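Descriptive structure summary
Below are the chains, spelled out letter by letter.
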Amino acid sequence: MSLNMMDMHCDTLMKAMLENKQDIYENAATMVDIKRLTDNGYLAQFFAIFVVPETMYREGLHMDPIPSEECILRCHQIFEHTMQQHEAVVSKATTVDRIMENAAKGKLSAVLTMEDGVAVDGRMENLDRFYDMGVRALALTWNYENCFGYPNSRETKIMAQGLKPFGKEAVAYMQDKGILVDVSHLSDGGFYDVADIAKKPFIASHSNCRELSNHPRNLTDDMLKIFGNTGGVTGLNFCPDFLTNDAKNKESSVEMIVAMAKHMKQIGGIDIIGVGTDFDGIEGSLEISGCEKMNLLADGLSRNGFTTGEIEKIMSGNLLRVMRDAVK
Ligand SMILES: [Zn+2]
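Here we summarise the structure given alongside this text. These numbers were taken from a predicted model, which means no experiment stands behind them.

**Section: helix H13 (residues 308-326)**
If you check H13, its first and last C-alpha atoms are 26 Å apart, about what 19 residues at 1.5 Å a residue would give, namely 27 Å. Ile-314 marks the point of greatest bend in H13, at about 60°. Taken together, the buried positions of H13 are occupied by Ile-311, Lys-313, Ile-314, Met-315, Ser-316, Gly-317, Asn-318, Leu-319, Leu-320, Val-322, Met-323 and Ala-326.

**As for the pairing of strand S4 (residues 108-115)**
One face of the sheet, then the other: side chains in a regular strand alternate in exactly this way. The buried fraction of S4 amounts to eight of the eight residues, a majority that puts the element mostly inside the structure. Burial along S4 is two-sided: the face carrying Leu-108, Ala-110, Leu-112 and Met-114 and the face carrying Ser-109, Val-111, Thr-113 and Glu-115 are both buried. As judged from the seven bridges shared by strand S2 (residues 42-50) and S4, these two strands associate in the parallel manner. Paired with Phe-50 across the bridge in S4 is Glu-115. The pairing of strand S3 (residues 90-92) with S4 spans three bridges and is parallel. Bridge pairing in S4 places Ser-91 opposite Ser-109. Following the chain from S3 across helix H5 (residues 96-104) to the adjacent parallel S4, one finds a crossover that is right-handed. What joins S4 to strand S5 (residues 135-139) is helix H6 (residues 124-133), and the crossover it makes is right-handed.

About the thresholds
Residues numbered from 1 in each chain as written. Predicted model: local features only at pLDDT ≥ 70, side-chain atom pairs only at ≥ 80, totals over all residues. Helix = DSSP H or I, 4+ residues; strand = E, 2+ residues; numbered from the N terminus. Expected span 1.5 Å × (residues − 1). Bend = angle between axes of the 7 residues up to and from the residue. Buried ≥ 20, exposed ≤ 12 C-beta atoms within 10 Å, placed from the backbone. Pairing = 2+ DSSP bridges. Right-handed = clockwise from strand over helix to strand, strands pointing away.

So, in C-alpha cells, the structure goes:
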C-alpha cells in the first residue's frame, strides 16, 4: 500500500548517533528506519539533526556530553552514509522537484533538518554551512534560550519573550535562502515575531492544539488561524504529553491524534494539517508505534469523516505546497 506519506519530524538520527550506529537502514529497535519507510510507500521523511543539549547527556542519558559540532557531524555522517549505501531505494532531497524525481524512480526521499538553532551561534555563515549540508528546515529553538530567542515555557515571562535581534534577522535570512522556519518549541512571543517577519509560509513541524491539550509545546487557536492565513503547515505530533489535558497520560491513540486533526481543520482549515510524528523522540503506549503502522492514521481519518482528498493533503499535499513556496 502506498500512502505517499511525508513526516516532518523524527529523532532517528539522534538514536543512531547515541548507539554508535553507522546507518539508519534497518533497526528493529527504532520507530523509523529506511527499510520500513520504503516498504510502506513513504514519499519522504524529514530527519532531524537534534543538537543534544549538555543537560540531557548528564541528566537523561547518563553519559559524557558530545560537543554540539561533533553531534552535528556524526548525525550528518550517518545520514550521508545511509544515502550512499542504499542509493537504490533512498535519496537525499532538498526540493519538491527532487522528491518527485526520486518518487518517479521508486525511491524514498530523505530531507535533512535541524532541531535547535543553538549551533547557528549568532552567525549567518553557520546557516550557510548547514544549508550546504542539505538542511532545509530549522527549529529555531529547542527547550532552552539560544541565539534566536526563547523556548516554550509554563513560565509566562519566558513564554512572552520574542525573538532576539539576531533571531529576527536570521528568520528573514533563512526565508531568503530557502530554509523552512520551524516554530515548534518556540516561545509564544517568538511565534508572533516569526509571523510578523515571515514573507513566506513557515511550519510547526511537530506541534498539536493547545485547546485540546494545554501544553506550551502546542499551538493556540489564534496560531492555527495564522497558519491558515499565511499558508503554513503544522505537524500532528504522536507524543502522549501533547495529546490530552491529563498530565499523567502515557497513551497515544489514533482517536486522540484524529481529534487534533479535526480541531486544526475546524480552526485553521484543512490546508494547515501535516504530520510530524516525533518518532524516536517519544515514549509511552503508542497505538501507531512506528512508521510501518501509519496506515492506521489514514484509516482513522477516513473513519472520522475526512475525505480521500483531505487525507492526501494531510499525508503530503500540504507540506509539498509549503515546500514549493518556501524551500530552495
Ligand atoms: Zn522536538
